[in-house]
Amino acid sequence: MAFTIGPAGDTAMRLSFQEPPSPRLTRLLLQLQRTAQDYFFNALSDSVVGYATLTLFFTPLSLQRDQVAAWLEKTVRSLSDSQETQAAHSKETVVLPVFYDPAVAPDLVTLADDLGMTIDTLTTLHSATPYFAYATGFAPGFCYLGTLDPRLKTPRLSTPRQRVPAGAVAIADQQTAVYPCESPGGWRIIGACPVTLFDLAATPFSTLAVGDSVRFEAIDEQTYRSLGGQL
Amino acid sequence: MRTLTLDKAGLASTIQDGGRLGILHAGIAAAGAMDPLALKAGQHCLGHHAGEAAIEIAYGNVRATPSHDCALVVTGAPAMLLIDNESVPMRSIQTLSAGQTLTIGPPSEGIYSYLHVSGGFNTHPIFNSRSTSPREGIGGLHGGYLRDQDTVPLGDGAPPIDTCGADPGLCSIEQRDVLTLRYVPGYQYDELAPALIQRLNGDHFEVTSKANRMGVTLNGPPLKTGVESLLSEATCQGAIQIPPDGNPIVLMKDRQTMGGYPIPGAVIESDCVRLAQARPGQKIRFAACTPQEADNIRWLEHHYVETRLR
């Protein structure tokens, strides 16, 4: 497995793999993250898994670059050599209900047009695919899910929206996601999910975590409303 | 309960401390004071511990009244201070009696001033920090920017210790024609066109009015990367993000934790602070430095701060 190790600013180190994202790579990154947390302990303030990267943030003045680089090098090799990284700590698939309807999805009609398919086909393709959670971030509880059916591949809006409502189910490139809270955003909105994805009072506070399997399930307006969905 | 009422809350005032660690993976930015030096200076004046919060004020224009007598100090961007109608100096302890009014005018230079009150602000900490992340609605008084007539609870203030009392002179505001931002190359540095890197290192940029706690957008020769987006990965403070329009954005305390735009490197923390206090129109140049140089600068500045605070 080809990878590079380099700095991310003055207090973080970044490990980047030169291979396309895959659940296998993500599981390796997650295992590396846990190993790093145990090894560096308090010196490590944060660690973030990306599609093909792991970024380790150190508390100021505690980063010893050469040592971290050498440790990463060694640990990556030993983990990727050891048989399949902990083949999926088989968590159940998270099922998220989605109301696919132009009333809550401003891009649904134009997108179906652009892709040359009916709204039904579009939403069936979106809900038929099982997704894998590759990364969290951007906003609390936001989870990058892949991989979209290639027939749904679509560019982002050229001008992002100032305001995307909480619960918006959106797609961009080959990814899909649910916006957990209101935020700006450039992805195309194709539905609305009435489930709260981020709640500081809950444990865990985020419904989705990296490594999860996720599936969307189409619901009708009545179910959407009964689950607390707003039009 | 001792409180401080903001008769006028100002443009973008938030409660901030050093920020929160350990939850970047959940998509929550660290937040924290844009000018940690000014925060530290005020904590030192009042004999506060390093975790105590202050009200971060952007561009002044705040008026506040306490419920009880209290000691306070204002650090950071220098502004005119009035207690009732009497002018008092910044960066030294003032006593404000119950019902008196403190007015903080617009700063003459810089952007962020910090109002520290003895005993600190006693809002509910979230993940060990009182810092406000308005985008996420986390921390501070009610998760957002302070509003007119907000009443902020104060901690039980011991009188400030005599040996402190004056701002140790920590300052992040620099009057320079061109502010140099040192950055550590990394991320996609090697993958970007040499001509683009040359422009980044050689040309002048300017701070635009699109500057806030999330990031500072610069204007200059467009840095066209030809890259629309990359696989999302963690961003770090100071990351120089180049969106398709070619105007770089230096990511600050409330940055989004993940990004998919090319990043040639990240500005070192000490220069992020100078950038935070730089106003629109300030000329900027970038200078690459090695990670080792960045470490040396950090150690030297750490030593400088520690000796000033003795």
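Heads up: these notes are all about the structure in this document.

Definitions and limits used
- Residues numbered from 1 in each chain as written.
- Chains lettered and ligands numbered in written order.
- Predicted model: local features only at pLDDT ≥ 70, side-chain atom pairs only at ≥ 80, totals over all residues.
- Heavy atoms only, no water.
- Helix = DSSP H or I, 4+ residues; strand = E, 2+ residues; numbered from the N terminus.
- Buried < 20%, exposed > 50% of the residue type's maximum accessible area, 1.4 Å probe, protein only.
- Pairing = 2+ DSSP bridges.
- Axes fitted to C-alpha atoms, helices over the stretch in contact; angles between N-to-C directions.
- Contact = heavy atoms within 4.5 Å.
- Buried area = accessible area lost by both parts, 1.4 Å probe.
- Salt bridge = Lys/Arg side-chain N within 4 Å of Asp/Glu carboxyl O.
- Polar contact = N/O pair within 3.5 Å; in protein donor to acceptor, adjacent residues only side chain to side chain.
- Nonpolar A, V, L, I, M, F, W, Y, C, P; charged D, E, K, R; others polar.
- Parallel < 35°, antiparallel > 145°, perpendicular 65-115°, else oblique.

Right, let's get into the environment of G228 of chain A. Residue and element names in this part refer to chain A. On the secondary structure map, G228 appears in the segment after α5 (221-226). Under the relative-accessibility criterion, G228 is labelled partly exposed at 48%. Here the alpha-carbon distance between G228 and Q67, two residues 161 residues apart in the chain, equals 51 Å.

What follows is about the sheet that holds strand β1 (residues 3-8) of chain B. Within a sheet, each strand pairs with its neighbour through backbone hydrogen bonds, oriented either parallel or antiparallel. All names here are of chain B. Reading across from one edge, β7-β6-β9-β4-β1-β11 is the order of the six strands in this open sheet, with antiparallel pairing throughout. The open sheet has two edge strands with one neighbour each: β7 (86-88) and β11 (151-153). Within this sheet the neighbouring strands show an average axis-to-axis angle of 30 degrees, counted without direction. In this structure, β1 lies alongside β11, joined through three bridges in antiparallel fashion. Across the sheet, T3 pairs through a bridge with P153, a residue of β11.

Quick look at the interface of chain B and chain A now. Taken together, the contact pairs 39 residues of chain B with 35 residues of chain A. Interface area for chain B against chain A, summed over the two sides, is near 3100 Å², with a carbon-plus-sulfur share of 62%. The tally of links between chain B and chain A comes to three salt bridges. Across the pair R65 of chain A and D295 of chain B runs a salt bridge whose closest N-O atoms are separated by 2.6 Å. Put simply, chain B and chain A have eleven residue pairs in polar contact (both at pLDDT 80 or more) between them. Counting residues per element, the ones that place at least two in the side of chain B that touches chain A are β12 (178-185), β15 (233-234) and α4 (291-308) of chain B. With seven residues, the single largest contributor to the side of chain B that touches chain A is α4 of chain B. Split by residue class, the side of chain B that touches chain A holds 20 nonpolar, twelve polar and seven charged.

Glancing now at the packing of helix α3 (residues 108-115) of chain A against helix α4 (residues 119-128) of chain A. Any two packed helices are characterised by the angle at which their axes cross and by the distance between the axes. Residue and element names in this part refer to chain A. Relative orientation of the contacting elements α3 and α4 amounts to 95 degrees, with a least axis distance of 9 Å. With respect to each other, α3 and α4 are oriented roughly perpendicular. On α4, the residues that touch L108, V109, L111, A112 and L115 of α3 are I119, L122 and T123. Grouping the constituent residues of the contact of α3 with α4 by class yields seven nonpolar, one polar and no charged.

It is worth stressing that arrangement in space is one thing and function is another; only the former is reported here.
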